[in-house]
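Understanding the architecture of this molecule
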Amino acid sequence: MTEQPANPVEAFRHAESLVAQRRPLDALSALGPLLDADPDAPSVQLLAGRAYLGSAQFRRAEAAFRRVLELDPTDHYALFALGKALQRQSRLVEAQTQLRMAVAMSPLPEYQEALGEVNARIAVHGP
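What you are looking at is a predicted structure, and each value in this text was computed from that prediction instead of being measured. (Residues numbered from 1 in each chain as written. Predicted model: local features only at pLDDT ≥ 70, side-chain atom pairs only at ≥ 80, totals over all residues. Heavy atoms only, no water.)

**Details of the packing of helix α5 (residues 76-88) against helix α6 (residues 92-105)**
The test is simple: Inter-axis angles, ranging from 0 to 180 degrees, are taken between N-to-C directions of lines fitted to C-alpha atoms, where helices are fitted over the stretch in contact. The way it works is that DSSP assigns letters per residue, a run of H or I at least four long becomes a helix, a run of E at least two long becomes a strand, and they are numbered from the N terminus. In what follows, roughly perpendicular refers to angles from 65 to 115 degrees, roughly parallel to angles under 35, roughly antiparallel to angles over 145, and oblique to any angle outside these ranges. Two helices crossing with the near one rotated counterclockwise from the far one by less than a right angle form a left-handed crossing, whereas a clockwise rotation gives a right-handed crossing. Note on contacts: a residue pair qualifies if any of its non-hydrogen atoms lie within 4.5 Å across the two residues. Under this grouping Gly is polar, as are all residues other than the nonpolar Ala, Val, Leu, Ile, Met, Phe, Trp, Tyr, Cys and Pro and the charged Asp, Glu, Lys and Arg.
Where α5 contacts α6, the axes come no closer than 8 Å and their chain directions differ by 160°. The angle between α5 and α6 falls in the class roughly antiparallel. For α5 against α6, the interelement crossing comes out left-handed. Across the interface between the two elements, H76, L79, F80, L82, G83, K84, L86 and Q87 of α5 pack against L92, E94, A95, Q98, L99, M101, A102 and M105 of α6. Along the lines of polarity and charge, the residues of the contact of α5 with α6 split into 10 nonpolar, 4 polar and 2 charged.

**Comments concerning the pattern of salt bridges**
Heads up, the condition is: Salt bridges, as used here, are contacts in which a Lys or Arg side-chain nitrogen is within 4 Å of a carboxyl oxygen on Asp or Glu.
As enumerated under the stated definition, the model contains 9 salt bridges in all. A salt bridge links R66 to E62, with the shortest nitrogen-to-oxygen separation between them at 3.0 Å. Of this pair, R66 and E62 are both found in helix α4 (residues 58-71), 4 residues apart, which corresponds to roughly one turn of the helix. One salt bridge connects K84 with E117, and the closest N-O pair in it is separated by 3.7 Å. Of this pair, K84 sits in helix α5 while E117 sits in helix α7 (residues 109-125), placing them 33 residues apart in sequence. Within the structure, one salt-bridge network assembled from shared partners comprises E62, R66, R91 and E94.

Pasting the structure below:
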């Protein structure tokens, strides 16, 4: 078990590092105190959403990304990530809507690719 940083900024950076290392459950453990202390911090919710997505907790990821968007509707990454969480739940039409908005706000290749995947699945399998 890794030692938990005492400082909230260090704790956040530690959790961020754990997500990058593909250790989402450890990241969620590190984020626990931050989520308890400030559940309305968009950056903490966004990182928690990424960790939930990485650990296949898609409904929790969806809730975290929706909370980020309640706090900051202009967060194109949260739209993209919400689209991915919905896609992983086979909620393709909902995913398509979120991904379209993300692409419209910021046409990053990663966003466009995700939208293309969803569009293709809908074309082949229907909504």
